[in-house]
Amino acid sequence: MIPAHIYNDRAVFELEAERVFARSWMFVGHESEIPAPGDYVVRRVLQDSFIVVRDEAGQIRAHFNMCLHRGMQVCRAEMGNASHFRCPYHGWSYRNDGRLAGLPFHQDAYGGEAGFRRKDQRLLPAPKLDTYNGLIFVCLDPAAEPLADFLVEIGLFREPKAEKRKDGATYWAGSGGGTTYKLPPGTFEERMRYVGYPDQMIERIKQSWSAGQQRVVGADGFMISAASLYPNLSFVHNWPRVGTSEDVLPFISIRQWQPVSENETEVLSWFAVDASAPEEFKKLSYKAYLMCFGSSGMFEQDDVENWVSLTSTAAGSMARRLLLNGRMGMLEDGTEVAPALSAEQFAGPGSARIGYSEHNQRALLNRWADQMAIPASRRVPA
Amino acid sequence: MTGDAAPGGPAPAQQRTGRPLPFGDERHLQAHQWLVDEAYLLDAQDYDRWLDLLTDDIRYHMPVRVTTARGAGFDTAPGMAHFDEDKYSLSRRIARFNTEHAWTEDPPSRQRHFVTNVRVFATEDAAHIIAESAVLLYRSRGDVNEAAVVSAGREDLLRRDGDSWLLARRTITADDSVIRMQNLAVFL
């Protein structure tokens, strides 16, 4: 049972900021957003603004966007290209690798290198930064487990025919999980074609996916349609019709649920497509994404209405007396409605079950509750 | 790169020429009335009739605005948009409102489209005019949450259709980089 007030509670949010978000790997962007040296985007992790930039040597960095001198934001655009970031307040400037490059009146006002060693100064880096397949993450906890340990292999894929949904499986593996849809009988190639992938992409997918990933589709018949990585990153894969013909076309969206306050969440939404896909495919996949997800997306509109409504309803005193059900897929005595699939039935990670259930939601909330219970005893080193 | 490079397909290409038409010009008066009439249809969410005001080759485009340094040369997100629509996708959106599970607009929001700052330009082709306007959408839902507002500029290409005009292209330039509205289940 889920205490209803956790969805809109100032004290819970403050605890989450400290015990969940400040300890977790947080997605800040994709390498393709900053392809050239000097390219940058500015992204937030909770209240902290970071300049995520590719430096002149090609290395990706995340600098805390605050001047060492008096604390002004050194970059106030949200994207662009710059060799240096210059603080507008007193003119301190930093190379895009974070090193302090210059400050006006260094000799007269600070006593030169003897008075203030410019050489050792750099914008404060994010405590940890790592990438996975182009996805850039930072973590505010220097003692956090490595990104690779945090990530599970999560696929990214959705079946448009809702009646098939009940035959799909959901799975959860450690820090993430997903939902799949059941595909009609066929080979891997036929099933990939069924969701709209052209042959040349299927060939490349066969070369880049692991054998297990291919078995989930080709042998087990599950196409991953949505996946989430704890605590606030999601992936959507869906294949709607995009024109008057019956043809469907798949798209992938990366979405981040950026916490703002106890009752406000900013949603960042990316459309992702294989860079070497045919141009026509990219164009139609983009259209498919726009129709379904994002600010104007038709699927998401109704979801957001639900989330906004439950958030505002959770704020009052009655919500503190209510334990929400959230028990789909679980019987009164805690046993499961459907047994977990065997390794022969589901080649993907974690444990998977067929049918409607809230196993994943419970797994996520359990992990959240465990983390919320651990006090912030570790201190961030200076 | 600008939002115009978004791969949303071709749009009717007519561009404005010269200075704005005088406010007394017949074409200005017609375009202004067209915009006001359209605003009433949108307020009433009379989308079937609104769809009839659009040409079959309509491109309805709303890029994502971003904050960039002065001189960066662009202020929209490359290759991304809030809307990048053709007649088919607009008709699907409207068809969805008519289904029983479209609870984002059930109960419907109360909308008011304020249209102002209208300027009209000729194109090189007498069958087309360009109308520029500012739109402020006030959208109120339920009784608890604060109403949401979207402010935007629009550039419309209108095509002559007998005695009247049809919308052949609309580019919406929002004034916010983050839309402060829970979704865009509305049209601007």
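Residues numbered from 1 in each chain as written. Chains lettered and ligands numbered in written order. Predicted model: local features only at pLDDT ≥ 70, side-chain atom pairs only at ≥ 80, totals over all residues. Heavy atoms only, no water.

**So, the packing of aromatic side chains**
How we decide: Only the six-membered ring of Trp is used, alongside the rings of Phe and Tyr, when aromatic pairs are assigned; centres must lie within 6.5 Å, and planes under 30 degrees apart are stacked while those over 60 apart are edge-to-face, with the rest tilted. In this text, helices come from DSSP runs of H or I with a minimum length of four residues, and strands from runs of E with a minimum of two, each type numbered from the N-terminal end. Summary of the burial criterion: residues with accessible area below 20% of their type's maximum are buried, those above 50% are exposed, and those between are partly exposed, where the area comes from a 1.4 Å probe applied to protein chains only. For a Lys NZ or an Arg CZ to count as sitting over a ring, it must be within 6 Å of the ring centre and within 35 degrees of the ring normal.
Using the criterion set out here, one finds 23 aromatic pairs over all chains in the structure. With 5.9 Å between their ring centres and 75° between their planes, A:Phe188 and A:Trp209 make a pair best called edge-to-face. In this pair, A:Phe188 sits in helix H5 (residues 188-194) while A:Trp209 sits in the loop between helix H6 (199-208) and helix H7 (211-218), placing the two residues 21 residues apart along the sequence. For the pair A:Phe188 and A:Trp209, a shared accessibility class is recorded, and that class is buried. Every member of this aromatic cluster is reached through a ring pair, and the members are A:Phe251, A:Phe271, A:Tyr286, A:Tyr289, A:Phe293 and A:Phe299. One Lys or Arg, A:Lys182, reaches over the ring of A:Phe222 and ends 4.7 Å from the middle of that ring. B:Arg16 extends its terminal NZ or CZ atom over the ring of B:Phe121, reaching a point 4.2 Å from the ring centre.

**Describing the interface of chain B and chain A**
Here is the rule: By definition in these notes, contact holds between two residues if any of their heavy atoms fall within 4.5 Å. By buried area we mean how much accessible surface two parts lose on assembly, using a 1.4 Å probe and totalling the loss over both. By definition here, a salt bridge exists when the distance from a side-chain nitrogen of Lys or Arg to a carboxyl oxygen of Asp or Glu is within 4 Å. Under this definition, polar contacts are N or O atom pairs within 3.5 Å; protein pairs additionally need one hydrogen-donor-capable and one acceptor-capable atom, and for neighbouring residues in sequence, both atoms have to be side-chain atoms. Under this grouping Gly is polar, as are all residues other than the nonpolar Ala, Val, Leu, Ile, Met, Phe, Trp, Tyr, Cys and Pro and the charged Asp, Glu, Lys and Arg.
Between chain B and chain A, the contact holds 36 residues from the first and 28 residues from the second. Summing the contributions of chain B and of chain A, the shared interface buries around 2,700 Å²; its carbon and sulfur component is 56%. The interface formed by chain B and chain A includes two salt bridges. A salt bridge links A:Lys287 to B:Asp86; the nearest nitrogen and oxygen atoms lie 3.6 Å apart. Counting the contacts that link chain B with chain A gives eleven residue pairs in polar contact (both at pLDDT 80 or more). Going through the elements one at a time, strand E2 (76-85) and helix H3 (87-97) of chain B are the ones with two or more residues in the side of chain B that touches chain A. Per-element accounting of the side of chain B that touches chain A gives the leading share, eight residues, to E2(B). Partitioning the side of chain B that touches chain A into residue classes produces 16 nonpolar, twelve polar and eight charged.

**Quick notes on the pairing of strand E11 (residues 135-139) of chain A**
All names here are of chain A. For clarity, the threshold we go by: Should DSSP find at least two bridges between two strands, the strands are taken to pair.
Of all five residues in E11, five are buried, a share of seventy percent or more. Burial along E11 is two-sided: Leu 135, Phe 137 and Cys 139 and Ile 136 and Val 138, pointing in opposite directions, are all buried. Summarising the sheet, strand E2 (residues 26-30) and E11 pair through four bridges and their orientation is antiparallel. From the neighbouring strand, Gly 29 faces E11, where its bridge partner is Ile 136. As paired strands, strand E10 (residues 128-132) and E11 are joined by five bridges and run antiparallel to one another.

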